[in-house]
Amino acid sequence: MNMSAAKIDIETATPAITAAPVVAMTPKRPPRTEAYARMARETAVRVIPPLVVIALLTLVWELVCRRAGSALPPPSKVFNDTKELILDPFFDHGGIDKGLFWHLSASLQRVAFGYSLSAVAGIALGVLVGQSVWAMRGLDPLFQVLRTIPPLAWLPLSLAAFRDGQPSAIFVIFITSIWPIIINTAVGIRNIPQDYRNVAAVVQLNPLEFFSKIMIPAAAPYIFTGLRIGIGLSWLAIVAAEMLIGGVGIGFFIWDAWNSSHISEIILALFYVGIVGFVLDRLIAGLGKFVTRGTAQN
């Protein structure tokens, strides 16, 4: 038997080895019930503690204010006195006799206009102060002095200048909320890492490209911190200003209720003021988290 025949026999006797097919392993998805249960647990962790605290505070408030001679009404009396305002916030009988929805809407419109102006001007001035040493030396002391002036101190001056309550209230919102936006934006610009500036110089970015691709993204967490502080100050300023300028607005509603000795209506309005302020803060915080991809404070 020659070697070639033996080789043929060995090759024919050996079974052919084929590669096994590759099966792609997909990650096992948790059942929907488990996902829903996890969402319910996360929601409960966030919702239940504040609800318990609110319930306890309401109970203490009820027990304290139900005593004879109490100056403030208990929650049960507040609800009974303001039931119509709660159930029908959209009524409009003309003039200032409107539901709370219209008062809140008027205040929010003023805040939206004044706050938008302060956001645009504040970010622009903050970039200037943060980027230019000479601008910082010239403007920063002025900003530090002006930001300490109380919001209502600007109202007589704005009334004298504009001779109308609407632009005066908007100016008070603007001048109150602009300072934290300027300061936080300037701090964010000054804290841009030097490595970012070096990379921009290497790739030869023009000023507009440096502003849009390096400066604003790097300073965005600081900017949104200033915007959150600014929206809170705007809401505080408009409530105080409306008490003096009159017209439709939640601040005037509170002052009018005080003049009419309707304490329950004041408490209801304060509750709405707090809820709206919280929602405004959450909106700016959510926008900041989306824009900065979670790097802004929440």
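So, how was this worked out
- Residues numbered from 1 in each chain as written.
- Predicted model: local features only at pLDDT ≥ 70, side-chain atom pairs only at ≥ 80, totals over all residues.
- Heavy atoms only, no water.
- Helix = DSSP H or I, 4+ residues; strand = E, 2+ residues; numbered from the N terminus.
- Buried < 20%, exposed > 50% of the residue type's maximum accessible area, 1.4 Å probe, protein only.
- Contact = heavy atoms within 4.5 Å.
- Areas by Shrake-Rupley, 256 points an atom, 1.4 Å probe, with all protein chains shown as cover.
- pLDDT = per-residue confidence, 0-100.
- Patch = residues over 30% accessible without salt bridge, like charges linked within 9 Å, V, L, I, M, F, W, Y side chains within 5 Å.
- Salt bridge = Lys/Arg side-chain N within 4 Å of Asp/Glu carboxyl O.
- Polar contact = N/O pair within 3.5 Å; in protein donor to acceptor, adjacent residues only side chain to side chain.

## What about the overall build of the protein?
Phase 1: Counting its regular elements, the protein contains twelve helices and zero strands.
Phase 2: Helices and strands in the protein line up, N terminus first, as α-α-α-α-α-α-α-α-α-α-α-α.
Phase 3: Classification of the 298 residues of the protein by burial places 33% in the buried group.
Phase 4: Contacts in the protein between residues far apart in sequence, at least 24 positions, make up 66% of those at least 6 positions apart.
Phase 5: Accessible area of the protein: about 19,100 Å², with a carbon and sulfur share of 68%.

## Describing the confidence of the model for the protein
Phase 1: Counting all residues, the mean pLDDT for the protein is 84, and 88% of those residues have values of 70 or more.
Phase 2: Mean pLDDT per element in the protein: helix 1 (residues 3-13) is the minimum at 48, and helix 5 (residues 100-131) is the maximum at 93.
Phase 3: Taken as a whole, residues 10-17 scores under 50 in pLDDT and shows zero contacts with residues more than four places along the chain or in a different chain.

## Let's talk about a nonpolar patch on the surface
Phase 1: A cluster of nonpolar side chains, namely Phe271, Ile275, Phe278, Val279 and Leu283, defines an oily patch on the protein surface of about 510 Å² accessible area.
Phase 2: Residue placement: Val279 occurs in helix 12 (residues 263-291).
Phase 3: Among the residues examined, Val279 registers a relative accessible area of 41% and is labelled partly exposed.

## Digging into the environment of Ala71
Phase 1: Note that Ala71 resides in the loop between helix 2 (32-65) and helix 3 (75-81).
Phase 2: Residues Ala71 and Ile263, 192 residues apart in the sequence, show an inter-C-alpha distance of 9.4 Å.

## Looking at the side chain of Ser118
Phase 1: Counting through the fold element by element, Ser118 comes out in helix 5.
Phase 2: One polar contact links the side chain of Ser118 to the main-chain carbonyl oxygen of Tyr115, over a distance of 2.8 Å.
Phase 3: Every residue in contact with Ser118, bar those within four places of it in the chain, is listed here: Ile123, Phe174, Ser177, Ile178 and Ile181.

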